[in-house]
Each structure stands twice: as structure tokens, then as C-alpha cells.
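Each chain, letter by letter, is given below.
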Amino acid sequence: QFVSSGGCALIGLWIVWPFEMLKNQTQAGVGGTILDKVRNTPGGVLGLYRGIAPGSISVFLGNGAAMIVMQQANGLITRWGLRS
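Taken as a whole, this structure holds two salt bridges when the rule is applied. The closest approach of N and O atoms between K23 and E20, which form a salt bridge, is 3.0 Å. Linking K23 with E20, this pair stays in helix α1 (residues 2–27), spanning three residues, or about one helical turn. A residue is classified by how much of its surface remains accessible, and K23, at 36% relative accessible area, is partly exposed. On the basis of relative accessible area, E20 is assigned to the partly exposed category, the value being 33%. Between D36 and R39 there is a salt bridge; the shortest N-O distance is 3.5 Å. Taken as a pair, D36 and R39 lie in helix α2 (residues 34–40) at a separation of three residues, close to a single helical turn. Judged by relative accessible area, which is 28%, D36 ranks as partly exposed. Residue classification places R39 among the exposed residues on the basis of a relative accessible area of 58%.

As a further point, take α1. With 26 residues, α1 extends 35 Å between its outermost C-alpha atoms, agreeing within 8% with the 38 Å of an ideal straight helix rising 1.5 Å per residue. Considered for burial, the residues of α1 that qualify are S5, G6, A9, L10, L13, W17, P18, M21, L22 and Q25. Looking at the buried side of α1, the elements it contacts are α2 and α3 (52–79).

The next thing to look at is the side chain of S56. With respect to the element layout, S56 can be found in helix α3. Not counting chain neighbours up to four residues away, the residues in contact with S56 comprise L10, L13 and W14.

This part takes up the packing of aromatic side chains. All chains considered together, the criterion is met by one aromatic pair. When the ring of F2 is compared with that of F60, the centres are 5.5 Å apart and the planes differ by 90°; the resulting orientation is edge-to-face. Taken as a pair, F2 in helix α1 and F60 in helix α3 lie far apart in primary sequence, 58 residues in all.

Reading guide: rules and limits
Residues numbered from 1 in each chain as written. Predicted model: local features only at pLDDT ≥ 70, side-chain atom pairs only at ≥ 80, totals over all residues. Heavy atoms only, no water. Salt bridge = Lys/Arg side-chain N within 4 Å of Asp/Glu carboxyl O. Helix = DSSP H or I, 4+ residues; strand = E, 2+ residues; numbered from the N terminus. Buried < 20%, exposed > 50% of the residue type's maximum accessible area, 1.4 Å probe, protein only. Expected span 1.5 Å × (residues − 1). Contact = heavy atoms within 4.5 Å. Phe/Tyr/Trp six-rings, centres within 6.5 Å; stacked < 30°, edge-to-face > 60°.

Take a look at the structure:
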């Protein structure tokens, strides 16, 4: 469960990351259209993934741990008879 939850979160992060980078550039006042921002990013489209490694580690570990905690909590709630 840890690996599957972390892996699913990674897929979502990798899909959203380039859009987040473009949003951050827009908020920072980098001029031009979205296409201009992609063209001016060092490395082009792949450059939009710059800095993704630390985020990936954090998302994988955080979501994996959250799934383990959720499973434990569900087990306790069931054992205590609090589930209707």
C-alpha cells in the first residue's frame, strides 16, 4: 500500500509539475505568453521539470506514510466498533 499510494501521488505530481512551474513564472512576473515561457525556459519543455526530484521524494514518502496511517486508523475504528 505504501508503494502504490506513493507511486500514484508521483504520477499526479509529474503531470502537474510543468503547469505549476508556468504558474510560478507568471506570478514572478516573467513576461510573455505561456509558449514564450516554455521557449525561454532553459532546456525547453524538459526544463519545466527542473527541481522535481526533491518534490518527488517528499510526495512519495508523505503520501505513502499517510496511507499507512489511514489503514491503521481504519483498523482501530473497526476494532473499537465505531463503524456503523
